[in-house]
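# Coordinate inspection notes
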Amino acid sequence: MSKIISIHSFRGGTGKSNTTANLASLIAATGRRVGVIDTDIMSPGIHVLFGMNEDDMKYSLNDYLWGKCEIKQAAYDVSSTVKGLSSGRIFLIPSSIKAGEIARVLREGYDVGLLNDGFHRLVEELNLDVLLIDTHPGLNEETLLSIAISDSLIIILRPDSQDYQGTGVTVDVAHKLDVPQLFLLVNKVPTSFNFAEVKARVEKTYNSEVAAVLPHSDEMMTLASAGIFVLQYPDHPLSQSLRGVANRLV
């Protein structure tokens, strides 16, 4: 049975796209067919992690939303470009990185209802086991739609007061939308922190389960989005924690 999973954060800079790409790769590595859709239309970026650039994108999610193509035409099989992926398939639906098209979104908007149709058609037409949605930070119409149709929602936050306040709003919304499975993921935690205490404090604050507390990683920073971290550093503590999250999701 297929699953739709949204990866969200209230603020930018939490590592949401990196987490999405790494979870997608871990799930695909178990032999599954995984779709990844970048709905962060105003600041897209996850395509970089999968080795794509502007020249590789004949169509993007923007083209589908503006009626220029079918959603399946904007899906690219990036399995062969993901270094270290030996099984499974990953299909990426990127958003356009052209300044003019981003400006058009800001100026004209689009029919958000098309996203819902697109999500389900992707799952059906690509025979996906899992569809991961990399959402836009904050709460807007498309983000609420993504959360509402998801089987699982991961909310990423850093150990930062601003993140804590915004996350509370998102958790409340997720509960009201009756998301079947909700996990919190605390990311970029300094290694000097007591991880057990961080986990306990966050769970108490939001009355929600923390799936993992992820350490700040110099290796992740050094990789600089030039690949999938969990495949290049499979034994790293960060990779092991993310593997545990992936197992919980599927």
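Residues numbered from 1 in each chain as written. Predicted model: local features only at pLDDT ≥ 70, side-chain atom pairs only at ≥ 80, totals over all residues. Heavy atoms only, no water.

Where an unreviewed UniProt entry is consulted, the protein appears under the name Iron-sulfur cluster carrier protein, with the organism given as Herpetosiphon gulosus.

Three or more residues of helix H6 (residues 141–148) are buried, namely Glu-142, Thr-143, Leu-145, Ser-146 and Ile-147. As for H6, its buried residues are in contact with strand S1 (3–8), helix H5 (113–125), strand S5 (130–134), strand S6 (152–157) and helix H7 (161–176). (Buried < 20%, exposed > 50% of the residue type's maximum accessible area, 1.4 Å probe, protein only. Helix = DSSP H or I, 4+ residues; strand = E, 2+ residues; numbered from the N terminus. Contact = heavy atoms within 4.5 Å.)

Another point: the sheet that holds S5. Taking strand neighbours across the sheet as the criterion, the 8 strands line up as S3-S4-S2-S5-S1-S6-S7-S8 in an open arrangement whose pairing is mixed. Lying at the two open borders of the sheet, with one neighbouring strand each, are strand S3 (76–77) and strand S8 (210–215). As paired elements, S6 and strand S7 (residues 181–189) share 6 bridges and run parallel to each other. Directly across from Ile-155, in S7, lies its bridge partner Leu-184. (Pairing = 2+ DSSP bridges.)

Under the local residue numbering, the UniProt record ascribes the feature "domain: AAA" (unreviewed entry) to residues 2–166. Its end C-alpha atoms 30 Å apart, residues 2–166 is made of 36% helix and 18% strand. (UniProt positions renumbered as here; feature names shortened; annotations may be inferred.)

Before going further, it helps to spend a moment on the packing of helix H1 (residues 16–28) against helix H11 (residues 237–249). For the pair H1 and H11, the least separation of the axes is 9 Å and the interaxial angle reads 65°. The angle between the axes of H1 and H11 places the two elements in the roughly perpendicular class. As H1 packs across H11, the resulting crossing turns out to be right-handed. Between H1 and H11, the residues in contact are Thr-19, Asn-22, Leu-23, Leu-26 and Ile-27 and Leu-242, Arg-243, Val-245, Ala-246 and Leu-249, respectively. Counted by class, the contact of H1 with H11 contains 7 nonpolar, 2 polar and 1 charged residues. (Axes fitted to C-alpha atoms, helices over the stretch in contact; angles between N-to-C directions. Parallel < 35°, antiparallel > 145°, perpendicular 65-115°, else oblique. Left-handed = near helix turned anticlockwise from the far one by under 90°. Nonpolar A, V, L, I, M, F, W, Y, C, P; charged D, E, K, R; others polar.)

Let us now look at a nonpolar patch on the surface. A surface patch of nonpolar side chains, about 340 Å² in accessible area, is lined by Phe-10, Leu-139, Leu-144, Val-169 and Leu-177. Tracing the chain through its elements places Val-169 in helix H7. (Patch = residues over 30% accessible without salt bridge, like charges linked within 9 Å, V, L, I, M, F, W, Y side chains within 5 Å. Areas by Shrake-Rupley, 256 points an atom, 1.4 Å probe, with all protein chains shown as cover. Salt bridge = Lys/Arg side-chain N within 4 Å of Asp/Glu carboxyl O.)

Grouped together as the largest cluster of nonpolar side chains are 40 residues, with contacts concentrated most on Phe-50 and Ile-154. No other element matches the 6 residues that H1 contributes to this core. Apart from the residues within four sequence positions on either side, Ile-154 is in contact with Ser-6, Ile-7, His-8, Leu-23, Phe-183, Leu-185, Val-245 and Leu-249. (Core = buried A, V, L, I, M, F, W, Y, C linked by side-chain atoms within 4.5 Å.)

This part covers H7. Between its terminal C-alpha atoms H7 stretches 24 Å, which fits the 22 Å expected from 16 residues at 1.5 Å a residue. If you check which residues of H7 are buried, you get Asp-163, Gly-166, Thr-167, Gly-168, Thr-170, Val-171 and Ala-174. Buried residues in H7 make contact with S1, H6, S6, S7 and helix H8 (195–206). The N-cap of H7, judged by a side-chain oxygen 2.8 Å from the amide nitrogen of Gln-162 a few residues on, is Asp-160. Taken from the residues just after H7, Asp-178 is the one with a positive phi, measuring 55°. (Expected span 1.5 Å × (residues − 1). Polar contact = N/O pair within 3.5 Å; in protein donor to acceptor, adjacent residues only side chain to side chain.)

With that out of the way, let us pick up the packing of aromatic side chains. On inspection of all chains with the given rule, the structure shows 1 aromatic pair. Plain terms: the ring middles of Phe-229 and Tyr-233 are 4.8 Å apart, the flat faces sit at 20° to each other, and that makes the pair stacked. Over the ring of Trp-66 we find Arg-104; its NZ or CZ atom is 3.9 Å from the centre of that ring. (Phe/Tyr/Trp six-rings, centres within 6.5 Å; stacked < 30°, edge-to-face > 60°. Lys NZ or Arg CZ within 6 Å of the ring centre and 35° of its normal.)

What follows is about unusual backbone geometry. The phi torsion at Asp-178 lies on the positive side, around 55°, for a residue other than glycine. Along the chain, Asp-178 falls in the loop between H7 and S7. Phi is positive for Asn-207, close to 50°, though the residue is something other than glycine. Residue Asn-207 is classed as exposed on the basis of its relative accessible area of 70%.

On to the environment of Asp-56. Here Asp-56 is to be found in the loop between helix H2 (46–49) and helix H3 (61–65). Sequence separation between Asp-56 and Val-34 is 22 residues; the distance between their C-alpha atoms is 20 Å. Apart from the residues within four sequence positions on either side, Asp-56 is in contact with Gly-51 and Tyr-76.

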